[in-house]
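What follows is each chain in one-letter form.
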Amino acid sequence: MNMGDLVEIRVSQLAEKTIPLKELKKWNIFSTIDDNFLQNIRIAHVHGTFGFLITTDDVVYAIGSGPIGSLGIGKSESVPSPVKIDTLCGQFVRGKSVTPEVKGALILCLAVILGRLGILTSSPALPSKQPSPHHPCLLNVLCLSLEFFTNAKASCFALTKDGRVFAWGSNLLGELGIETVGIITTPKLVKVGDGAKISQLSVGFAHTLALTMDTAEVFVWGYNHYGQLGLRDETNRSKPRNATSNITSNKIKQICSSQFSSFALTQSGDLYSWGHNATGELGIGNFIHSNIPTKAIFDTPIKKVINGPYHTVVLTKSGEVYACGSNSEGQLGIGDKTNLNVLTRVATDVEIIFDDISSMSKINQSLAKSKDTTFAWGEIHKGISFNNPTELNSLNFPHPMTLVKKEAQFMYKSLCASNYEEKGKSVLQTLETAIGGPGTDVEFKVEGSIIKAHKSILILRSDCIARKFSESWNKQDGQIELQDVKRDTFYALLYFLYTDKLYCRDVDFDTLSDLMKLADQYRETDLRKKCESVLQKQIKLENVFTIYKVAGECNAKVELNTITFVDYISSGDLLDKANLSGQEFLRFTKAWAEKSKNSGDPN
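A quick note: this is a predicted structure, and the numbers were derived from the prediction, not measured.

Reading the values: rules and limits
Residues numbered from 1 in each chain as written. Predicted model: local features only at pLDDT ≥ 70, side-chain atom pairs only at ≥ 80, totals over all residues. Heavy atoms only, no water. Helix = DSSP H or I, 4+ residues; strand = E, 2+ residues; numbered from the N terminus. Patch = residues over 30% accessible without salt bridge, like charges linked within 9 Å, V, L, I, M, F, W, Y side chains within 5 Å. Areas by Shrake-Rupley, 256 points an atom, 1.4 Å probe, with all protein chains shown as cover. Salt bridge = Lys/Arg side-chain N within 4 Å of Asp/Glu carboxyl O. Core = buried A, V, L, I, M, F, W, Y, C linked by side-chain atoms within 4.5 Å. Buried < 20%, exposed > 50% of the residue type's maximum accessible area, 1.4 Å probe, protein only. Contact = heavy atoms within 4.5 Å. Pairing = 2+ DSSP bridges. Axes fitted to C-alpha atoms, helices over the stretch in contact; angles between N-to-C directions. Arc of directions from axis to C-beta.

A.B. asks: Mind showing me how you'd approach the environment of Leu415 here?
C.D. replies: Turning to its location among the elements, Leu415 is positioned in strand E24 (residues 415-416). Between the C-alpha atom of Leu415 and that of Arg42, which follows or precedes it by 373 residues, the distance is 7.8 Å.

A.B. asks: Would you explain a nonpolar patch on the surface in this entry?
C.D. replies: Residues Leu172, Val181 and Ile183 make up a contiguous nonpolar surface patch of roughly 230 Å² in combined accessible area. Checked against the element boundaries, Ile183 lands in strand E7 (residues 183-190).

A.B. asks: Help me out: how do you make sense of the environment of Gly74 in this one?
C.D. replies: Structurally, Gly74 is set in the loop between strand E3 (60-65) and strand E4 (78-84). The spatial distance from the C-alpha of Gly74 to the C-alpha of Thr185 is 4.6 Å, given a sequence separation of 111 residues.

A.B. asks: When you look at the nonpolar core in this model, what are you seeing that I'm missing?
C.D. replies: Burial of nonpolar side chains together is a common tendency in soluble globular proteins. Counting residues in hydrophobic clusters, the biggest one holds 58 residues, and the most contacted among them are Phe444, Leu458 and Phe490. The dominant element in this core, judged by the number of residues it contributes, is helix H8 (residues 487-499), at nine residues. When residues no more than four places from it in sequence are discounted, the contact partners of Phe490 are Phe444, Val446, Ile451, Leu482, Val485, Leu518 and Tyr522. Judged by nonpolar contacts, the second largest core, of 32 residues, contains Ile43, Phe52, Phe166 and Ile184.

A.B. asks: Looking at this structure, I do not really get the sheet that holds strand E5 (residues 155-159). What am I missing?
C.D. replies: Whether parallel or antiparallel, the strands of a sheet pair through hydrogen bonds between backbone atoms. Here we have three strands laid out as an open sheet, ordered E5-E6-E7, and antiparallel in their pairing. Where the open sheet ends on each side, the last strands, each with one partner, are E5 and E7. Ignoring strand direction, the axes of neighbouring strands in this sheet form an average angle of 15°. Where strand E6 (residues 165-170) lies against E7, five bridges are found, and the strand directions are antiparallel. Each residue of the ladder has a partner; that of Val165, found in E7, is Val190.

A.B. asks: Could you clarify how one ought to interpret helix H7 (residues 463-470) in this entry?
C.D. replies: Given 3.6 residues to a turn, an α-helix orients residues that are three or four positions apart in the same direction. Where H7 is concerned, the buried positions are Cys464, Ile465 and Phe469. An end-on view of H7 places all buried positions within 140° of arc, on one side of the element. Exposed side of H7, more than 90 degrees from the buried face: Asp463 and Ser470 are the residues found there. Contacts from the buried residues of H7 go to strand E25 (442-446), helix H6 (455-461), strand E27 (480-482), H8 and helix H9 (509-521).

A.B. asks: So what exactly am I meant to see when it comes to the sheet that holds strand E19 (residues 340-345) here?
C.D. replies: Strand order across the open sheet formed by four strands is E16-E17-E18-E19, with antiparallel pairing between neighbours. The open sheet has two free edges, formed respectively by strand E16 (302-307) and E19, since each of these has just one partner strand. Taking the axes of each pair of neighbouring strands and ignoring which way they run, one obtains an average angle of 20° across the sheet. Pairing geometry for strand E18 (residues 321-325) and E19, over three bridges, is antiparallel. Residue Tyr322 lies in a different strand from E19, and its bridge partner there is Arg345.

So, to be careful, I would describe these as geometric facts and stop short of saying anything about function.
Put into structure tokens, the structure is as follows:
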């Protein structure tokens, strides 16, 4: 690229607002960076093994490791410390009336799309196993999606506040919108139409959608095997093409995409969709792929649309949530795991008015927010899924830190300093971050780690802990060393005592079981009941005996719901593998018998 195509502007003073250090430290990839450096960060994003940072003086950095070209710094695949992406530094908005904060707001919208060398043809077939999901990207947020495959190459995009698009990484299917085929190792400017400025960008597995600022036109490019470009054919495009006339005459206000499908939402609230539809994600009443934008079968005005890998979720203007598409992990929230080809309202126990929705990259999960309450459904942790919206406030809407694999962290969208306005915190909000914070006066040593807490809070909240402070713990000088308890489990106990909430990582079955036992040990009945409630929803064929065994160890009550004992007895060698004592087996049998009696089940 000719450097004349880029606008290099710098000012001596930019917005001083930064992302709170404690928010950055939640992400593993930033944990080794010096605090003095992180205190000057205003935009950050994490995508698994690599991430991006933008400082208050508009310098852009990459860190971590990824496929060749994905970091935007040449052929380097791994950088343990932040390295500048020179091409992107200083790319803020020019204009006399623009405030310094807006000038400094280079918004990266990076989307990583991967292609497998074995399917890089003009019309490859869908793999026998669905590729791992990605999350679509929206303008003015830094949204990364990453799809790892053997011998895969990455594609990345950066969108500036003034509407320019930069691209780098893999361009084997035309997904960068640059005619040069191959690996692009540094950011290149993408020319959309006659220099159109872009307000939104959304990226699928290997196709891209862009919405123009002034005219609300939709441009498309990249992989088109399922008609996801909406151009009435299945031919790939390496340059941006205007697809507006094929969509609707109404003005478009939002675009988004799933793996191989595309969506456009009009100002009036109508949803148009096209592309892959094998699981019904288009919401058009069938399971047939479509290369023609088609209005979804839905009469209620829509406020927002989001996508998981193969499912679609919408928020209506009246605050209701509907979903369609793949439902393999209950991500549609309808109470079962049936795929649906029309938008269907999620099932909640009580009437809830939702404010916002989001979906997670890499997993089949959906999130929604109602005031200060976060609900989740679909795959919550490995082996754990909810078929209905379930309250999980500690998931930190809209981007929880932990996905199915604990070591993998992906942001739903970027962290931006502008989202952290200075305002007073409620007592509960203060307590949620109080452990290890100012004013701590007691230290617990658990598995070699130190957890700092407030003695007065613990004494007020727990009679059991109050007794320990006056007895056994009073005899220990300095740190209180605890044996036979895991660090994360004890932290979760403290978190509950501070907030009355389950810690987000407690969704993991093993941790949840340990926490329920610890709650019983510390006589925390309310915490034990919360654990029971979550475990109740996780009863499956392969874990029913395990759950009953754990419940029995800590005097918890877990019911069988609609399943019957006969179902389990008849399931192959389940009893042979079950590690239950006679007493435990008797307890399980009595529970089943009581449930059958109450329900009138003759079995």
